[in-house]
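Each chain, letter by letter, is given below.
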Amino acid sequence: MASVKLKNVYKKYESAHGGVMAVNDFNLDIDDKEFLILVGPSGCGKTTTLRMVAGLEEITAGEIYIGDKLINDVQPKDRDIAMVFQNYALYPHMTVFDNMAFGLKLRKTPKHEIKKKVYEAARILEIEHLLDRKPKALSGGQRQRVALGRAIVREPKVFLMDEPLSNLDAKLRVQMRVEITRLHQKLKTTIIYVTHDQTEAMTMGTRIVVMKDGFIQQVDSPQVLYEKPVNVFVGGFIGSPPMNFVKTRVRKDEKGVFLIFGEAEGSVLQSRAQAAEQKLVKPTMIYLPPERASKIEELGYIDKEVIMGIRPENIKDDPRFFQQFPDAVVEGVVDVREALGAETLLYLKISDVDFTARVDPSHKFKPDDEVKMVFDPTRLHIFDAKTEKVLPV
């Protein structure tokens, strides 16, 4: 197996209008035996990056190494990589055995060795009983296993996987996620895996690269990306349901520093009583804990606009939080309730802003119920309104 290194890699597609930069200054060291996920929306450059490692796309600038070897000018067949595609790319006229053996036959591998490797891979993937069948007689999940088997028998230094589960139904995708993770643990291989599905990324990868518009946004473990996103994009992309965001203003009074949204436009701060009297939207105020309050004041954000982010599970209806954070209680109305068995999602209107809360299913909220919740002020994410980068508070 081998490590992979991308150094100042660019990919530009030329056109009559000056071209499009698909991948912009990509720098990354991928460790030997690592399961690395490239994730992001369509058009972010993740598949282009994978194809440059495979040699299927020429790089515009930069260097790519597999192990210690610079592979910029090395042909795809000589890079010692195996690629698993979205559409499986199986030969319809060949049996499963022949599909899996095809790459080895091209390499003039001895017949007894081919048979040994194919049967070993088939055993690992539990498809020994399918070796005489042709692809049309297989289910989607079985075809995916054959495509994986074809890659495994080659014993490559690096596996490249381009959205390999996107053609499977929801239940099978969950099953194959587990299969591929188990396969990685068993084979101890380096895997670079592309997906647009953040659930796939969170459950499978040892590290995740979040991409947008050709740029790396953040590289870290799934848990760090979830708990400490560096910007609004990462916070909103990682997590299901996604993080809630609202533009708020930082204010200070005799009680402390607070975030406020839902103020009457163009007015000074309204009291709740005044707002109710004038039939305005009630402003929502969330006081920050002293340590966070002093940091945001030191950064000069008093009376400035920021973006507040909060995960659905940090909007609490637990009585303990009402006692602990009385100055972070918010009032809202239930718009929609989704019961998911182990949890319930509430879609709320708070000061005319939409929020999603993840609550205990035993609480029987109904649409149009007026509710009080607590925004856990220790778990708020605060971003600069212009740069959308997280503030160190």
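Before reading further, recall that the structure is shown in the block above.
Since the model is a prediction, treat every value here as computed from it, not as a measurement. (Residues numbered from 1 in each chain as written. Predicted model: local features only at pLDDT ≥ 70, side-chain atom pairs only at ≥ 80, totals over all residues. Heavy atoms only, no water.)

(A) Expanded view of the environment of isoleucine 350. You can see isoleucine 350 is positioned in strand S17 (residues 344–350). Remark: the alpha-carbon pair of isoleucine 350 and leucine 125, spanning 225 residues in sequence, is separated by 50 Å. Among residues more than four places away in sequence, those in contact with isoleucine 350 are Phe261, Thr284, Val330, Glu331, Gly332, Phe355 and Phe375. (Helix = DSSP H or I, 4+ residues; strand = E, 2+ residues; numbered from the N terminus. Contact = heavy atoms within 4.5 Å.)

(B) The arrangement of the packing of helix H2 (residues 96–106) against helix H4 (residues 140–152) in detail. Where H2 contacts H4, the axes come no closer than 7 Å and their chain directions differ by 30 degrees. For the pair H2 and H4, the crossing hand works out as right-handed. Touching Val96, Asn99 and Met100 of H2 are Val146, Gly149 and Arg150, all from H4. Considered class by class, the residues forming the contact of H2 with H4 number 3 nonpolar, 2 polar and 1 charged. (Axes fitted to C-alpha atoms, helices over the stretch in contact; angles between N-to-C directions. Left-handed = near helix turned anticlockwise from the far one by under 90°. Nonpolar A, V, L, I, M, F, W, Y, C, P; charged D, E, K, R; others polar.)

(C) View of the sheet that holds strand S18 (residues 353–359). Pairing within the open sheet is antiparallel, and its 5 strands lie in the order S15-S19-S16-S17-S18. Sheet topology places strand S15 (315–316) and S18 at the edges, where each strand pairs with a single neighbour. Here S15 pairs with strand S19 (residues 370–375) via 2 bridges, running antiparallel. Bridged to lysine 316 within S19 is valine 374. (Pairing = 2+ DSSP bridges.)

(D) Looking closely at the nonpolar core. In this structure, Met100 and Tyr193 are the most contacted members of the largest nonpolar core, which totals 48 residues. Excluding residues within four positions of it along the chain, methionine 100 makes contact with Val118, Ala121, Ala122, Ile127, Leu131, Val146, Gly149, Arg150 and Val153. Counting 34 residues, the second-largest nonpolar core is a separate cluster that includes Val250, Val334, Leu348 and Met373. (Core = buried A, V, L, I, M, F, W, Y, C linked by side-chain atoms within 4.5 Å. Buried < 20%, exposed > 50% of the residue type's maximum accessible area, 1.4 Å probe, protein only.)

(E) Structural context of the pairing of strand S13 (residues 284–287). Neither face of S13 is open: one carries Thr284 and Ile286, the other Met285 and Tyr287, and all of them are buried. Bridging between strand S12 (residues 256–261) and S13 involves 4 bridges; their strand directions are antiparallel. Residue pairing across strands places leucine 259 opposite isoleucine 286, the latter belonging to S13.

(F) Spatial organisation of the environment of leucine 345. By the element assignment, leucine 345 lies in strand S17. By relative accessible area, leucine 345 is classed as buried at 4%. C-alpha separation for the pair leucine 345 and threonine 49, spaced 296 residues apart in sequence, amounts to 36 Å. Excluding residues that lie within four positions of it along the chain, leucine 345 makes contacts with Pro241, Val336, Arg337, Glu338, Leu340, Ala357 and Arg358.

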